[in-house]
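Listed below are the residues making up each chain.
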Amino acid sequence: EVVLYIDLFCYYNKYMLRLQLILSTALILIGHIVGSFFDVYQKLFWYDMPMHFLGGFWITSVIIYFLTIHPRHTLFHETPWKNIIISFGGAMIISISWEFFEMFLSYFQNNLSCYFIGPKNRYVDTMLDLGFDMLGALFASLVLLKRNK
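Since the structure is predicted, the reported quantities are computational estimates derived from the model, not experimental observations. (Residues numbered from 1 in each chain as written. Predicted model: local features only at pLDDT ≥ 70, side-chain atom pairs only at ≥ 80, totals over all residues. Heavy atoms only, no water.)

**Focus: the packing of helix α3 (residues 48-67) against helix α4 (residues 80-108)**
Relative to each other, α3 and α4 sit at 130°, their axes nearing to 9 Å. When the axes of α3 and α4 are compared, the pair comes out oblique. Classified by chirality, the crossing of α4 by α3 is right-handed. Residue-level contacts link His-52, Gly-56, Ile-59, Thr-60, Ile-63, Ile-64 and Leu-67 of α3 to Ile-86, Ser-87, Gly-90, Ala-91, Ile-94, Ser-95, Trp-98 and Glu-99 of α4. When its residues are assigned to classes, the contact of α3 with α4 shows eight nonpolar, six polar and one charged. (Axes fitted to C-alpha atoms, helices over the stretch in contact; angles between N-to-C directions. Helix = DSSP H or I, 4+ residues; strand = E, 2+ residues; numbered from the N terminus. Parallel < 35°, antiparallel > 145°, perpendicular 65-115°, else oblique. Left-handed = near helix turned anticlockwise from the far one by under 90°. Contact = heavy atoms within 4.5 Å. Nonpolar A, V, L, I, M, F, W, Y, C, P; charged D, E, K, R; others polar.)

As structure tokens, then:
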């Protein structure tokens with residue numbers, strides 16, 4: 001009976017996690033298409049903030065999904081806080097790498113000066129991007145903690 005309960009619980013969590021991934025992917029895709037085609041990123045300075053929140057949420061959900069595909073061979077622990085550290089830390093590594101990618105992309109477009117001077121301070125933008133990635137990752141990790149209590 002206990003094994004059946006654990007298997008059903010894992011199935012429910014995987015189902016909910018898949019739903020979470022599908023919904024967050026759809027929101028990010030729709031939001032980015034709208035932001036790009038209608039220049040919303042340029043018109044509304046705050047538009048990329050919820051996009052980064054969703055991005056952090058999505059990255060963390062993907063990490064959690066891949067680490068829990070096989071419950072018998074998972075990197076996750078019995079202690080929920082260790083799971084939060086693993087998923088949150090992985091998401092932050094990816095987020096920081098993304099910001100470096102954006103900086104190098106600007107460099108290769110001969111536009112690196114916009115990172116240091118100009119109407120929009122890129123340092124502030126980068127810190128806000130990382131902050132909202134962090135909030136999204138933390139939110140997804142806490143959803144994991146609540147689900148596994």
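**Considerations on α4**
Its 29 residues give α4 an end-to-end C-alpha distance of 42 Å, which sits within 8% of 42 Å, the value for a rise of 1.5 Å per residue. Every buried residue belonging to α4 is among Asn-83, Ile-84, Ser-87, Gly-90, Ala-91, Met-92, Ser-95, Glu-99 and Ser-106, and all of these are buried. (Expected span 1.5 Å × (residues − 1). Buried < 20%, exposed > 50% of the residue type's maximum accessible area, 1.4 Å probe, protein only.)

Note that every value here comes from positions in space, so none of it alone points to a role or purpose.
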